[in-house]
Amino acid sequence: MKKYDYVLVGSGLYAGVWANEARKRGRKCLVVEKRGHIGGNVYCEEMEGIHVHRYGAHIFHTSDRKVWDYVNGLAEFNRYTNSPVANYRGEIYNMPFNMNTFSKMWGVSTPEEAKIIIEKQKRAVSGEPKNLEEQAISLVGTDIYKKLVKGYTEKQWGKDCKDLPAFIIKRLPVRFTYDNNYFDDLYQGIPIGGYNVIVDKMFEDCTVHTGVDYLQHKDYYDSLGDTVVYTGAIDAYFQYQFGKLEYRSLRFETEVLDVDNYQGVAVVNYTDRDVPYTRIIEHKHFEFGKQPKTVVTREYPADWDEGMEAYYTVNDEKNQQLYQQYAELAKGEKHVVFGGRLAEYKYYDMDKVIASALGRIRKYGL
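Scoring rules and cut-offs
- Here the residue numbering is sequential within each chain, running from 1 through the sequence in written order.
- Totals for whole chains, interfaces and linings use every residue, but because this is a predicted model, local features are given only for residues with pLDDT of at least 70 and side-chain atom pairs only at 80 or more, for both listing and counting.
- Derived side-chain values reflect all non-hydrogen atoms in the structure, with water molecules and hydrogen atoms excluded from consideration.
- A 1.4 Å probe rolled over the protein chains alone gives each residue an accessible area, and that area as a share of the maximum for its type sets the label: buried under 20%, exposed over 50%, partly exposed in between.
- Labels follow the DSSP assignment, with helices taken as runs of H or I lasting at least four residues and strands as runs of E lasting at least two, numbered in each case from the N terminus.
- Pairing between strands is defined by DSSP: at least two bridges between them are needed.
- We call two residues contacting when some pair of their heavy atoms lies within 4.5 Å.
- Only the stretch in contact is used when a helix axis is fitted, and all axes are lines through C-alpha atoms; the angle between N-to-C directions ranges over 0 to 180 degrees.
- One axis fitted to the seven residues ending at a residue, another fitted to the seven starting there: the angle between these axes is the bend at that residue.
- Here, a salt bridge means any Lys or Arg side-chain nitrogen found within 4 Å of an Asp or Glu carboxyl oxygen.
- Throughout, nonpolar core names a set of buried Ala, Val, Leu, Ile, Met, Phe, Trp, Tyr and Cys residues whose side chains join them through atoms within 4.5 Å.
- With respect to orientation, any angle under 35 degrees is reported as roughly parallel, any angle over 145 as roughly antiparallel, any angle of 65 to 115 as roughly perpendicular, and every other angle as oblique.
- Left-handed describes a crossing whose near helix is turned anticlockwise from the far helix by less than a right angle; the clockwise case is right-handed.
- When residues are sorted by character, Ala, Val, Leu, Ile, Met, Phe, Trp, Tyr, Cys and Pro go into the nonpolar class, Asp, Glu, Lys and Arg into the charged class, and all the rest, Gly among them, into the polar class.

**Q** Which parts of the structure should I look at to understand the pairing of strand β1 (residues 4–9)?
**A** Residues in a regular strand point their side chains to alternate faces of the sheet. Here β1 lies mainly inside the structure; five of its six residues are buried. The pairing of β1 with strand β10 (residues 225–230) spans five bridges and is classified as parallel. Note on β10: the bridge partner recorded for valine 7 is valine 228. The pairing of β1 with strand β2 (residues 29–33) spans four bridges and is parallel. The partner of valine 7 across the bridge, within β2, is leucine 30.

Encoded structure:
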């Protein structure tokens, strides 16, 4: 008899759902987390009475009623609606691209006027788009592309848009209504008290080892549990035997400001390439804070190297082929479940992570 039913490697939402469901069924879990805290990228840190999203803005949104009911069973959510703005050299535009954006950019007031301009500009691209620049112009025209897409995207990926594949931008949301709600989902909000409320509930009654690299002590931790739920990087698990998958990373600069309101909105995207960061987050606005001070975070995209946090997968053809090789190896690990963003090498919204974990648990017969 092993000491634990499950050894959970990582403590983000995927592992959290597994821990929560296991506890409901009287199972025992050991959590092994490389960072000094649990919660993965949704972890919040309190500063000046404000819940700071340590690893970038996380707005929960979903149209999946089962997932929405699930997270509301863990915490109460507020009515936050994601309505970011874009700053292009001091010009402020609403996002997603909507009638407020078009009115500011062209002085138009009706959907018909905006459609005429966009359709005319889209003709700059003929035939099948060959790169991201052509794909974006074919969707939103040249003006929006140059001011609101080009610089931001090039900072995010560290490459010129002409050198990026078209599929990265399969679609860009364009609305011919005066609606600044970024998401189309039926439900959205922020947990009251921050995401740690959810995380603490999920990992309740678990044994937790933080500051530990599972892969450096793999045999020991494998000996403690019947099943390993691995949410780390899949190529690292297999010691990079086929080569390293590519990622993009981020760097954050956070400061406390002695003002009560710095930018008037939670998220401002900086779309000029000459500005080194992609966005500034003012955390108090996620929870309608009235604190006398404020906390802001500048978010800088960064090239990824081993040892750095991997935030975004680079899902081009080369990396997908490499991932498939690792996925085949994973099938042979009989007592290991691979799940989540890094283990499945895919971009996951939070609701999709939760839905994926719940689905896998059902298949696993937990």
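**Q** Could you clarify how one ought to interpret the sheet that holds strand β6 (residues 85–88) in this entry?
**A** For sheets, the rule is that strands pair by backbone hydrogen bonds, running either parallel or antiparallel. Pairing in this open sheet of seven strands is mixed, and the strands run β7-β6-β12-β13-β14-β11-β15 from one edge to the other. The sheet is open, and its two borders are formed by β7 (91–94) and β15 (312–313), each paired with just one other strand. Bridge count for β6 against strand β12 (residues 267–270) is three bridges, and the pairing is parallel. Its bridge partner being in β12, asparagine 87 is matched across the sheet by tyrosine 270. Packing of helix α6 (residues 142–157) onto the sheet brings it into contact with β6, β7, β11 (247–257), β12, β13 (279–282), β14 (294–303) and β15, and relative to β6 it is tilted by some 90°.

**Q** Looking at this structure, how should I read α6?
**A** For an α-helix, the turn length of 3.6 residues means that residues three or four places apart are oriented alike. Most pronounced at valine 149, the bend in α6 amounts to some 45°. The complete set of buried residues in α6 reads Thr142, Ile144, Tyr145, Leu148, Val149, Gly151, Tyr152, Thr153, Glu154, Lys155 and Gln156. Taken from the residues just after α6, glycine 158 is the one with a positive phi, measuring 70°.

**Q** So what exactly am I meant to see when it comes to the environment of asparagine 196 here?
**A** Note that asparagine 196 resides in helix α7 (residues 196–202). Residue class for asparagine 196 comes out partly exposed when judged on its relative accessible area of 22%. Separated by 153 residues in the primary sequence, asparagine 196 and tyrosine 43 place their C-alpha atoms 6.0 Å from one another. With residues near it in sequence (within four places) discarded, asparagine 196 still touches Val42, Tyr43 and Cys44.

**Q** Please clarify how the side chain of threonine 278 should be interpreted in this entry.
**A** Mapped onto the fold, threonine 278 is located in the loop between β12 and β13. For threonine 278, the contacting residues outside a window of four places in its chain are Tyr152, Lys155, Gln156, Val268, Asn269, Tyr270, Glu299 and Pro301.

**Q** Help me understand the pattern of salt bridges, please; the structure alone is not making it clear to me.
**A** Pairs may arise between side chains of opposite charge once their charged atoms sit close together. Under the definition given, this model contains 24 salt bridges. Put simply, arginine 89 and aspartate 272 hold a salt bridge, and the shortest N to O gap is 3.1 Å. Here arginine 89, found in the loop between β6 and β7, pairs with aspartate 272, found in the loop between β12 and β13; they are 183 residues apart in sequence, far enough to count as distant. You can call aspartate 272 buried: its relative accessible area is 9%. For glutamate 246, the salt bridge goes to lysine 318, with nearest N and O atoms at 3.0 Å. Here lysine 318 lies in helix α10 (residues 317–331) and glutamate 246 lies in the loop between α9 (234–237) and β11, a separation of 72 residues in the sequence. Glutamate 246 sits in the partly exposed class, given a relative accessible area of 31%.

**Q** Before we go on, may I ask you to explain the nonpolar core in this structure?
**A** Generally speaking, soluble globular proteins have nonpolar side chains that are buried together. Ranked by internal contacts, the top residues of the largest apolar core, which has 48 residues, are Leu8, Trp18, Phe60, Phe203 and Phe286. Mapped by element, the contributors of at least two residues to this core are β1, α1 (13–24), β2, α2 (65–72), α7 and α11 (350–364). Once you skip the residues sitting within four places of it in the chain, phenylalanine 60 turns out to touch Val67, Trp68, Val71, Phe77, Tyr187, Gln188, Gly189, Tyr195, Met350, Asp351 and Ile354. Counting residues in hydrophobic clusters, the runner-up holds 31 residues, among them Tyr237, Leu245, Ala310 and Phe338.

**Q** Could you clarify how one ought to interpret the packing of helix α5 (residues 132–140) against α6 in this entry?
**A** Closest axis-to-axis distance for the α5/α6 pair is 9 Å, and the angle between their directions is 140°. Taken together, the axes of α5 and α6 are oblique relative to one another. Here α5 and α6 pass one another in a crossing that is right-handed. Two secondary-structure elements touch here, α5 through Leu132, Glu133, Ala136, Ile137 and Val140 and α6 through Thr142, Ile144, Tyr145, Val149, Lys150 and Thr153. Grouping the amino acids of the contact of α5 with α6 by side-chain chemistry returns seven nonpolar, two polar and two charged.

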